[in-house]
Amino acid sequence: MNVVKVSNLVKRYKELVALDHFSLTIEQGEIFGLLGPNGSGKTTVINCLLQLLTYDKGSIKLFGEDMKPSRYDLKRRIGIVPQNIAVFAQLTVYENIDYFCSLYVGDKKERKRLVEEAIEFVGLEDYQRFRPRKLSGGLIRRLNIACGIAHKPELIIFDEPTVAVDPQSRNSILEGIQRLNREGSTVVYTSHYMEEVEQICTRIMIMDKGQALATGTNTELKNMVDIGERVEIELSGESDLTEALQLVHGLPLVTSASLEGTALKLICARGAHSLSSVLGALSEASLTYGRVFSEPPTLNDVFLEITGKELRD
Amino acid sequence: MLTTFVTTLKTLVRNREVLLWAVAFPLVLSTLFVAMFSNLDEVHRLEPIPVVIVDDENYQAVEAFALMIELLASDEANEGSPLLVPTFVASEAAALEALEAEVYQGYIMLSKEGAPHFIMDPRRSNALGNPSQTVILMVLDQYLQNTEIVNAFIQENPALFADPSFLGKLDELLGGNNELSFTERISVTANPPSGSLRYFYAVLAFSSIMMATFALVAVDTALGNTSPLGARRSVGGQSKIRLLAPTLTAAWLLSFGCVLVGFAYLRFVFGVDFGGKEAAVVLTLAVSALAATFLGAFFGSLSIPTGKKVVLWPLLHACFRSLLDYTDPLARTWETWWLESCLCSPPSIRCVRWQTPSSRSITMTATQSWLVTCWHYWLSQSSSLSLPR
């Protein structure tokens, strides 16, 4: 079942086209990663989904039904964890979660249970009576998440939830998202951190300039670009470094090579046995080497390959 | 809706900045106003003037002057407010000695010719003069003027004074019986007019306007186009009316409560006399708080950062006030006008108020209507529709 189906969405800000015939489908049970540089249109997509923004063209269906500003029944099935902290500074942790839960759940007893579960889920049991200004950055982020998930929504949208948090809190948040997904929620996740998306998302879309550039699983995306593994070879002192560089440049499987000190850094073309081929060529030329590092292509490589390396706003 | 109402109340009551401007500041201003204006009425009230009269043979020889002093010091002849409190001494030396007590404005003695002399105590005067001494001088001037008139008549036509009807008329005109007056004093107010009350109305009106901050902050966090918090609340599965109605109700209730505190502070702590119109004042404050809530809601719904809104609305308010004050220098500030015209000013003042700034009244009404209309339009257009990028 399609939880989200966006078709040919167009959103303009005067002359600027923020979304250009953008389409998106998210299946139930997915953790869907939305990747894109700053200004690529990720937040615009989310705001359109939530009917916070009008759009010029296209259609949005949630849970198989047309999404309109007045479809409060559909909105009640969604949870949003915005990029900016959106909680009341004057309310305690418990009061904040209770209030946001009350927007979806009227019954007090039911709400109490849900609020306590949410507090336990994000690990804020010891901070229930604290006001946000007394919480650390990581704890506030967790409160921000608890306010969005307390009512146990079927679709949860996380808009860069791990910005400016320490590695422990980030790990806790990511594990929490996976747990929510296991409990049945469909997740839309946007982030600049490729490793996070790579770690938790079942399907990923890379978008830029309001357009969907590529969609697929982690592996599918990596297969879309002509990038193989990265190899770093520490050459020994007796080796002629210039000769080694010229040698690897001549190999057909090497797309780029550079020398940093005595380290030879290579990016290979996609395909098997790149490392063994390079090492074999060095041995044949009697060039000796010490440590060797090799890593498969990352999502970051794919992202840069697809969206380009020029700086964005 | 109840949760939203309670939450709005909690957030506003716990917002120190809002409380400072909406509650503490008006209370401080009230205190300052009381300190500045509480003696305003006393300044305009003439207290009996203590004066020393040299009761020597010259004084006793002029029966008319002694009678005048007796009348000016009489409670009965002056409806309980005598002009003078005379202290009689036998000689000028005794009068000078009496002045050492620094109680008297000076002493009055008559010359051999019967002309009164007022010797003022310079220690009771300053560069701007002394109103009490000026009053005594005016009374003596009047006495001398009347005496000169009568003397002139006697010299020109002594026979006139043989005519009893002329003497009777003269007595009437020169105020012998004190009952003749060329003007009639009537009271058109239930209470004596108060010169200071208008300033306390101004404080209450100012407080009402400051209460707009409550609605401004409340609406700022409730609409999708105003803040991240508002955006989150607006996607919360509740209609706009279910979100805004309890929010505005809480803001109004708190505004009304706070302005009532200000009113109670003036009425019961400082004992400001509102002339028995307390119920009307409370009712008007309720309406003022409602108007302020609408005004705050309008500014709160603007798609600009919260900090700018908080600065913007008092700025616009101040500009508006300045404009009104400029166009009609006699006018009060428009908050004062708002309250005074609605309730408790003495009718005499109210008449002036309604006659003088009629063009302003029209401007006020038009502007208020414009603000409310804009606000409604903004609400209908905002919500989910215009989130800034």
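Not measured: the values here are computed from a predicted model.

Trainee: Break down the overall build of chain A for me, with residues and values.
Mentor: On a plain count of helices and strands, chain A comes out with 11 helices and 14 strands. For chain A, the proportion of its 313 residues judged to be buried stands at 51%. Excluding contacts between residues fewer than 6 apart, the proportion of contacts in chain A whose partners are at least 24 apart in sequence is 67%. Counting every atom, chain A has about 14400 Å² of accessible surface; 48% of that belongs to carbon and sulfur.

Trainee: With reference to specific residues and values, describe the interface of chain B and chain A.
Mentor: Facing the 28 residues of chain B at the interface are 34 residues of chain A. Each partner contributes to the roughly 2700 Å² buried at the junction of chain B and chain A, and carbon and sulfur atoms together form 60% of this total. At the junction of chain B and chain A, the tally comes to two salt bridges. The residue K10 of chain B makes a salt bridge to E95 of chain A at a minimum N-O spacing of 3.1 Å. Remark: the boundary between chain B and chain A carries seven residue pairs in polar contact (both at pLDDT 80 or more).

Trainee: Explain the confidence of the model for chain B to me, and be specific about the residues and the numbers.
Mentor: Residue and element names in this part refer to chain B. Looking at chain B, the pLDDT average stands at 74 and 69% of residues meet or exceed 70. Ignoring residues within four places in sequence, the model shows residues 375-389, a span with pLDDT below 50, making 39 contacts including any to other chains. Across the predicted assembly, pTM comes out at 0.66 and ipTM at 0.75.

Trainee: I'd like a description of the sheet that holds strand β4 (residues 57-62) of chain A, backed by residues and values.
Mentor: Across a sheet, strands are paired by hydrogen bonds formed along the backbone, either parallel or antiparallel in direction. All names here are of chain A. Taken together, four strands build an open sheet; the order of strands is β2-β1-β4-β5 and the sheet is antiparallel. The open sheet has two edge strands, β2 (16-27) and β5 (65-66), and neither has a second partner. Sheet topology places strand β1 (residues 2-13) next to β4; five bridges connect them, and they run antiparallel. In the sheet register, V4 faces β4, and the bridge partner there is L62.

Trainee: Quick one: what's the story with the packing of aromatic side chains, residue by residue and with numbers?
Mentor: Enumeration according to the criterion identifies 11 aromatic pairs over all chains in this entry. With 6.1 Å between their ring centres and 90 degrees between their planes, Y59 of chain B and F65 of chain B make a pair best called edge-to-face. Across the pair, F65 of chain B and Y59 of chain B agree in class, each one buried. Taking 5.2 Å as the distance between ring centres and 70 degrees as the angle between the ring planes, the aromatic pair formed by F298 of chain B and F299 of chain B counts as edge-to-face. F299 of chain B carries the same exposure label as F298 of chain B, and that label is buried. For the cation-ring pair, R77 of chain A lies above F63 of chain A, with the distance from its terminal atom to the ring centre recorded as 4.0 Å. The ring centre of F100 of chain A lies 5.1 Å from the NZ or CZ of R232 of chain B, which sits over that ring.

Trainee: Please provide a residue-by-residue account of the sheet that holds strand β10 (residues 211-216) of chain A, values included.
Mentor: All names here are of chain A. With respect to topology, six strands assemble into an open sheet ordered β6-β7-β8-β3-β9-β10, the strand pairing being mixed. The strands lining the two open edges of the sheet, one partner per strand, are β6 (78-81) and β10. For this sheet the average axis-to-axis angle between neighbouring strands, irrespective of direction, equals 15 degrees. Sheet strands touched by helix α6 (residues 167-182): β3 (31-35), β7 (155-159) and β8 (186-190). Its angle to β8, the strand with the most contacts, is close to 150 degrees. Where helix α11 (residues 299-307) meets the sheet, its contacts fall on β3, β9 (203-208) and β10, and the angle it forms with β9 comes to roughly 30 degrees.

Trainee: Could you give an account of the environment of G138 of chain A, naming the residues involved and the relevant values?
Mentor: Residue and element names in this part refer to chain A. Within the secondary structure layout, G138 lies in helix α5 (residues 137-149). Distance in space between the C-alpha atoms of G138 and V165 is 5.1 Å, their sequence separation being 27 residues. Setting aside its immediate chain neighbours within four residues, G138 contacts V165 and S169.

Trainee: Give a description of a nonpolar patch on the surface that names residues and reports values.
Mentor: Residues and elements named next belong to chain B. A surface patch of nonpolar side chains, about 290 Å² in accessible area, is lined by L20, W21 and F25. Along the polypeptide, L20 turns up in helix α2 (residues 16-37). The class for L20 is partly exposed, based on a relative accessible area of 44%.

Trainee: Any chance you could break down the side chain of N218 of chain A for me, citing the residues and the numbers?
Mentor: Residues and elements named next belong to chain A. Residue placement: N218 occurs in helix α8 (residues 218-224). For N218, a relative accessible area of 18% translates into the label buried. With sequence-adjacent residues up to four places away left out, N218 is seen in contact with E198, I204 and L299.

Trainee: Please give an account of the packing of helix α3 (residues 93-102) of chain A against helix α4 (residues 108-122) of chain A that cites residues and values.
Mentor: Residues and elements named next belong to chain A. Direction vectors running N to C along α3 and α4 enclose 125 degrees, while the axes themselves pass 10 Å from each other. Relative to α4, the element α3 is oriented oblique. Here the hand of the crossing between α3 and α4 comes out right-handed. Contact residues: α3 offers Y94, I97, D98, C101 and S102, while α4 offers R111, K112, L114, V115, E116, A118 and I119. Across the contact of α3 with α4, the residue classes tally to seven nonpolar, one polar and four charged.

Trainee: Can you break down the pairing of strand β11 (residues 230-235) of chain A residue by residue, with the values?
Mentor: All names here are of chain A. Residues V231, I233 and L235 of β11 are buried on one face, while the alternating residues R230, E232 and E234, pointing to the opposite face, are not. Direction of pairing for β11 relative to strand β13 (residues 263-268): antiparallel, over a ladder of five bridges. Note on β13: the bridge partner recorded for E234 is A263. Pairing between β11 and strand β14 (residues 289-295): five bridges, direction antiparallel.

Trainee: Could you give me a rundown of the side chain of R111 of chain A, with the residues and numbers involved?
Mentor: Summarising the element assignment, R111 of chain A is placed in helix α4. When its relative accessible area of 5% is taken as the criterion, R111 of chain A is described as buried. A polar atom in the side chain of R111 of chain A sits 3.4 Å from the backbone oxygen of V105 of chain A. When near neighbours in sequence (up to four residues on either side) are disregarded, R111 of chain A contacts D98, C101, S102, V105 and G106 of chain A together with T3 of chain B.

Trainee: How would you summarise helix α5 (residues 63-72) of chain B if you had to cite specific residues and measurements?
Mentor: Note that an α-helix has 3.6 residues per turn; residues three or four places apart therefore point the same way. Residue and element names in this part refer to chain B. Within α5, burial applies to F65, M68, I69 and L72. The arc enclosing the buried residues of α5, seen along the axis, measures out at 95 degrees, which places them on a common side. Exposed residues pointing more than 90 degrees away from the buried face of α5 are listed as E63 and E70. Packing partners of the buried residues in α5 comprise β1 (49-54), α4 (57-61), β2 (84-89), β3 (106-110), β4 (116-120) and α7 (131-156).

Trainee: Describe the pattern of salt bridges, listing the residues and the values that go with them.
Mentor: Residues and elements named next belong to chain A. One pass over the full model with this rule turns up 18 salt bridges over all chains. For the salt bridge of R111 with D98, the shortest nitrogen-to-oxygen distance reads 2.9 Å. Here D98 lies in helix α3 and R111 lies in helix α4, a separation of 13 residues in the sequence. Judged by relative accessible area, D98 falls into the buried class, the value being 18%.

Trainee: Pulling in residues and values, what's your account of the packing of α3 of chain A against helix α1 (residues 2-13) of chain B?
Mentor: Two elements in contact, α3 of chain A and α1 of chain B, have axes whose closest approach is 10 Å; the angle formed by their N-to-C orientations is 145 degrees. Judged by the twist between their axes, the crossing of α3 of chain A over α1 of chain B is left-handed. Contacts between α3 of chain A and α1 of chain B involve E95, Y99 and S102 of chain A on the former and, on the latter, T3, T4, T7 and K10 of chain B. Classifying every residue of the contact of α3 of chain A with α1 of chain B by side-chain character gives one nonpolar, four polar and two charged.

So, how was this worked out
- Residues numbered from 1 in each chain as written.
- Chains lettered and ligands numbered in written order.
- Predicted model: local features only at pLDDT ≥ 70, side-chain atom pairs only at ≥ 80, totals over all residues.
- Heavy atoms only, no water.
- Helix = DSSP H or I, 4+ residues; strand = E, 2+ residues; numbered from the N terminus.
- Buried < 20%, exposed > 50% of the residue type's maximum accessible area, 1.4 Å probe, protein only.
- Contact = heavy atoms within 4.5 Å.
- Areas by Shrake-Rupley, 256 points an atom, 1.4 Å probe, with all protein chains shown as cover.
- Buried area = accessible area lost by both parts, 1.4 Å probe.
- Salt bridge = Lys/Arg side-chain N within 4 Å of Asp/Glu carboxyl O.
- Polar contact = N/O pair within 3.5 Å; in protein donor to acceptor, adjacent residues only side chain to side chain.
- pLDDT = per-residue confidence, 0-100.
- Pairing = 2+ DSSP bridges.
- Phe/Tyr/Trp six-rings, centres within 6.5 Å; stacked < 30°, edge-to-face > 60°.
- Lys NZ or Arg CZ within 6 Å of the ring centre and 35° of its normal.
- Axes fitted to C-alpha atoms, helices over the stretch in contact; angles between N-to-C directions.
- Patch = residues over 30% accessible without salt bridge, like charges linked within 9 Å, V, L, I, M, F, W, Y side chains within 5 Å.
- Parallel < 35°, antiparallel > 145°, perpendicular 65-115°, else oblique.
- Left-handed = near helix turned anticlockwise from the far one by under 90°.
- Nonpolar A, V, L, I, M, F, W, Y, C, P; charged D, E, K, R; others polar.
- Arc of directions from axis to C-beta.

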